[in-house]
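# Coordinate inspection notes
Below, each chain spelled out in residue letters.
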Amino acid sequence: MKNKQVEVKMEKTSITKTTESWNTINWAKVQRKVFKLQKRIFQAIKSGEKAKAHKLQKLLAKSYYAKLLSVRKVTQDNKGKKTAGVDGKKIIHPQQRYQLALSLNLKGYKSKPLRRVWISKPGKDEKRPLGIPTITDRAMQCLIKLCMEPYWEAKFEGNSYGFRPGRSTHDAIEAIFNHIRYKTKYVLDADISKCFDKINHKYLLDKTDCPYFKSIIKQWLKAGVMDKGIFESTDSGTPQGGVISPLLANIALDGMIRDIQKSFPNSITREGKRIRGYQPKIIRYADDFVILHHELEIINHTQKLVNKWLEKVGLELKPSKTRICHTLNDIMIDGKMEKAGFDFLGFTIKQHHVGKYQTGCNTMGEKLGFKTIIKPSKKSQQKHRIEIKRVIRTHRNAPQDALINKLNPIIRGWSNYFSTVCSKKIFSDEDRYIWENLKSWAINRSKKGKKEALNKYFSHGIHGKWTFQNKSYFLLMHSKTKIKRHIKVKDNASPYDGNWTYWSKRRGEYPETPKRVAKLLKKQKGKCNLCNQHFTPEDIVEIDHIIPKSKNGKDENNNLQALHRHCHDVKSRNDGSQDWSKNDYEWKEDVVIVPMTIG
């Protein structure tokens, strides 16, 4: 009887909600509707209204637009969209996606076991297990994540950066640089052993603080794994490969930074002198973290506190990847000499003794005698070179076009990742390495002499005389990537806080704002073109044509500007273009008048 009622409800929803097919859904509208509710959840938690946030979460979980967006993410946007679970099903056709979105319902939902696959670790012969949920379970996980993420973004610590919207590895690296640039520090470089596999289920479920989703999350944690037809139960850990797993891991580890820092006073008095900022600095990216302090005793004590804190979560530090070192000098730890500096997230962070003409200075202009330099680690370079060499070898008989098109994304991605640190010399070394390999590639393919072979594949182009190119494509170079320092995200900033000015300038787009609005705000540096005053979250942004369409103005970016509503009204009265404001916004879906806060 229940199944019949569900079927009737689905038919009614499909008729009343929309008659459009999947390919004609207005995704800009879907994203705005979902984000508005997410922002209200975030604001409710910030205001201490937990009951209101829970009601909004429940409303979002039932939202038609949230279901559509969840299915789109797992079937079209995510990398694993073509990977099937234990049921062997893939949602490929638009109609299948639409039916899946309509069928997502928390009542009566039962998850299926994960399908275990084994993935090779980069640069190692070992393999690590990965659990693949079914496409339905992934869509449901994405739906619950949409509800839980803004709730927890309002609670998370400012110095945690992994798997969070608006934050990246570069923010974590910049946070470390800011803490050590003026003073040498001791470092606890730590890694949590098998973080995703050992998290205590009871501890995690009690901490989620979302009663409406607790039973469903418990299903995912206890779903078990199918490995070659053999079922294995799961008594600990989060489902690796699941959409919601990184969020659950962050929830489990949240509070570690706050609790450890509270064990130390913010300032102390020593020999009649006040020492401020005495608490250790902790920067965490998922299960990797570093602890910084200028005293070795504090570092040793924090390591004990971390181990004790992780016990209640069911975790422990990995001894082989946990070490204590110093940012400037080699030190002796437990009878072993530890070299200065450490590797974190693919970067090498180290301070160097330098002369008086190259030394860094503090905020008072006093010379420090050392300089902090961050660059790509040797392991990152080695992995990159192995990948480059593998591609060139596998394409030894392929056309030049195929080799260039395979190498360019690898070069572009690696260069962009390290473009925020001191990478100029290393970029040149990588270009030299590629040149040597491509020279051998060209000579081995040609039956003619060395000169003729090089002239066939190298010619004068955008990179000079020796550009690896043909008539259609050319190979990118690492050294042509501009080095630009990354600006760290504010500790308490979140994409759900409604600060359009900050996020539009930072990312160039923002979930609720149409892309053109965000680009205009970034172009105008958050200021109105007429009054030259900054936009605030309470303002209403309106898009205006600089040259009105009545005077042959075009719908192009260079003819659009963002104005305050009152400025727009004044301009409309002065130039007599009041009649265009409604119709002209309909030319493109992503150009609309949008309030900067929810009324």
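Sequence positions are assigned chain by chain, starting from 1 and proceeding in written order. Under the rules for a predicted model, residues below a pLDDT of 70 receive no local features and side-chain atom pairs below 80 are neither given nor counted, while totals for whole chains, interfaces and linings still include all residues. Heavy atoms throughout the structure, all of them, feed into the side-chain values; hydrogens and water do not.

## Digging into empty space enclosed by the protein
Method remark: on a 1 Å grid restricted to protein atoms, a set of points is classed as a cavity if a 1.4 Å probe fits but cannot get out and as a pocket if it is open with protein on both sides within 12 Å along at least five of seven lines; lining residues have an atom within 4 Å of a point. Grid points are joined across faces, edges and corners, and a volume is the space filled by probe spheres set on the points. Applying the stated criterion to the full structure yields one cavity of 30 Å³ or more. A volume near 30 Å³ is recorded for the largest cavity. Lining the largest cavity are F163, C195, F196, P246, A249, N250, L253, A286 and D287. Put simply, the parts of the chain that give the lining of the largest cavity at least two residues each are helix 8 (195–198) and helix 11 (245–253). For the lining of the largest cavity, the leading source of residues is helix 11, giving four residues. Residues were grouped as follows: Ala, Val, Leu, Ile, Met, Phe, Trp, Tyr, Cys and Pro as nonpolar; Asp, Glu, Lys and Arg as charged; and all remaining residues, including Gly, as polar. Taken together, the residues of the lining of the largest cavity break down into seven nonpolar, one polar and one charged. Numbering of helices and strands runs from the N terminus; a helix is a DSSP stretch of H or I covering at least four residues, while a strand is a stretch of E covering at least two.

## Let's talk about unusual backbone geometry
Not every positive phi belongs to a glycine, and E271 is a case in point at roughly 55 degrees. By the element assignment, E271 lies in the loop between strand 6 (267–270) and strand 7 (273–276). We call a residue buried when its accessible area falls under 20% of the maximum for its residue type, exposed when it is over 50%, and partly exposed in between, using a 1.4 Å probe and counting protein chains only. Since its relative accessible area comes to 83%, E271 is described here as exposed.

## Some remarks on the sheet that holds strand 2 (residues 127–132)
If you trace the four strands from one edge of the open sheet to the other, you get 2-1-4-5, paired in mixed fashion. With one partner strand each, in any of the chains shown, strand 2 and strand 5 (230–232) form the two edges of the open sheet. Neighbour-to-neighbour, the strand axes of this sheet turn through a mean angle of 40 degrees, independent of strand direction. The criterion for strand pairing is that DSSP finds at least two bridges linking the strands in question. Pairing of strand 4 (residues 225–227) with strand 5 involves three bridges; the strand directions are antiparallel. In the strand pairing of strand 5, V225 is matched with E232. Axis lines are fitted through C-alpha atoms, for helices just across the contact stretch, and the angle between N-to-C directions can take any value from 0 to 180 degrees.

## Remarks on the side chain of D189
Here D189 lies in strand 3 (residues 186–191). The charge count treats Lys and Arg as positive and Asp and Glu as negative. His and the chain ends do not count. In the sections that follow, a salt bridge refers to a side-chain nitrogen of Lys or Arg positioned within 4 Å of a carboxyl oxygen of Asp or Glu. In this structure, D189 is buried with no salt-bridge partner, the nearest side chain bearing the opposite charge being R323 at 5.0 Å. Setting aside anything within four residues of it in sequence, one finds D189 in contact with F289, V290, K321, T322, R323, F342, D343 and F344. Any two residues whose heavy atoms approach within 4.5 Å are treated as being in contact.

## Topic: the sheet that holds strand 9 (residues 288–293)
Spatially, four strands are ordered 8-9-3-10 in an open sheet, and the strand pairing comes out antiparallel. Each having just a single partner strand, strand 8 (281–285) and strand 10 (323–326) make up the two edges of the open sheet. Taking the axes of each pair of neighbouring strands and ignoring which way they run, one obtains an average angle of 20 degrees across the sheet. As paired strands, strand 3 and strand 9 are joined by six bridges and run antiparallel to one another. The partner of A190 across the bridge, within strand 9, is F289. Packed onto the sheet, helix 13 (residues 296–311) meets strand 3, strand 9 and strand 10 and runs at close to 145 degrees relative to strand 9.

## Notes on the packing of aromatic side chains
Two aromatic rings from Phe, Tyr or Trp, using only the six-membered ring of Trp, form a pair when their centres are within 6.5 Å; if the ring planes differ by under 30 degrees the pair is stacked, by over 60 it is edge-to-face, and anything between is tilted. Scanning all chains against the criterion turns up 20 aromatic pairs. Among the aromatic residues, ring-to-ring pairing joins W435, W441, Y457, F458, W466 and F468 into one connected group. Should the NZ of a Lys or the CZ of an Arg lie within 6 Å of a ring centre and within 35 degrees of the ring normal, that charge is described as sitting over the ring. In this structure, R72 is placed above the aromatic ring of W27, and the distance from its NZ or CZ to the ring centre is 4.7 Å. K155 extends its terminal NZ or CZ atom over the ring of W152, reaching a point 5.0 Å from the ring centre.

## A few points about the pairing of strand 3
Across the six residues that make up strand 3, a large majority, five, are buried. As defined by bridge partners, strand 3 adjoins strand 10 across four bridges and the pair is classed as antiparallel. Pairing of V187 across the sheet is with C325, part of strand 10.

## Details of the pattern of salt bridges
Between side chains of opposite charge, a pair can form as their charged atoms come close. All chains considered together, the criterion is met by 18 salt bridges. Across the pair K198 and E316 runs a salt bridge whose closest N-O atoms are separated by 4.0 Å. Of the two residues, K198 sits in helix 8 while E316 sits in the loop between helix 13 and strand 10, which places them 118 residues apart along the sequence. Exposure remark for K198: the relative accessible area of 31% places this residue in the partly exposed category. Residue E316 is classed as partly exposed on the basis of its relative accessible area, which comes to 43%. Its salt-bridge partner being K439, residue E436 comes within 3.5 Å of it at the nearest N-O pair. Taken as a pair, E436 and K439 lie in helix 16 (residues 424–445) at a separation of three residues, close to a single helical turn. Residues joined by salt bridges that share partners form a network here, namely K50, K155 and D209.

## Some remarks on helix 9 (residues 201–208)
Counting buried positions over the eight residues of helix 9 gives six, a clear majority of the element. Among the residues of helix 9, those classed as buried are H201, Y203, L204, L205, K207 and T208. Structurally, helix 9 contributes buried residues whose contacts are with helix 6 (135–153), helix 10 (214–221), helix 11 and helix 13. What qualifies as a polar contact is a pair of N or O atoms within 3.5 Å, subject to a donor-acceptor requirement within protein and to the restriction that residues adjacent in sequence count only when both atoms come from side chains. Looking at where helix 9 begins, the residue whose side-chain oxygen comes 3.1 Å from the main-chain nitrogen of K202 is N200.

## Observations concerning the confidence of the model for the protein chain
Averaged over all residues, the pLDDT of the protein chain is 83; the fraction at 70 or higher stands at 87%. Low pLDDT, under 50, characterises residues 1–19; the predicted model gives this stretch ten contacts beyond four residues in sequence or across chains. Summary of the metric used: pLDDT quantifies the predictor's per-residue confidence within the range 0 to 100. Low pLDDT, under 50, characterises residues 576–599; the stretch is placed with 60 contacts to residues that sit more than four places away or in other chains.

## Details of the packing of helix 15 (residues 400–417) against helix 16
Their axes nearest at 13 Å, the elements helix 15 and helix 16 cross at an angle of 165 degrees. When the interaxial angle is binned, helix 15 and helix 16 end up roughly antiparallel. The element helix 15 and its partner helix 16 pack so that their crossing is right-handed. In this structure, helix 15 uses Q400, L403, L407, I411, W414 and S415 to contact helix 16, whose residues at the interface are I426, F427, E430, I434, L438 and W441. A class-by-class count of the residues in the contact of helix 15 with helix 16 yields nine nonpolar, two polar and one charged. Any angle that falls under 35 degrees is termed roughly parallel, while one over 145 is termed roughly antiparallel, one within 65 to 115 roughly perpendicular, and all others oblique. Note on convention: the crossing is left-handed when the near helix lies turned anticlockwise from the far helix by less than a right angle, right-handed when the turn is clockwise.

## Describing helix 16
Helix length check: helix 16 (22 residues) gives 32 Å between terminal C-alpha atoms against 32 Å at 1.5 Å per residue, within 8%. Those residues of helix 16 lying buried are I426, F427, E430, D431, Y433, I434, W435, N437, L438, K439, W441 and A442. Expected span of a helix, by definition, is 1.5 Å for each gap between consecutive residues, and there is one gap fewer than residues.

## So, the nonpolar core
Residues grouped as a nonpolar core are buried Ala, Val, Leu, Ile, Met, Phe, Trp, Tyr and Cys residues, joined through side-chain atoms within 4.5 Å. Ranked by size, the top nonpolar core spans 86 residues in total, and within it L68, M148, F213, F289 and L310 carry the most contacts. The dominant element in this core, judged by the number of residues it contributes, is helix 6, at eleven residues. If sequence neighbours within four positions are ignored, L68 has contacts with W22, I25, W27, V30, Y98 and A101. Core analysis: the second largest hydrophobic core is formed by 29 residues, I180, F344, I426 and V489 among them.

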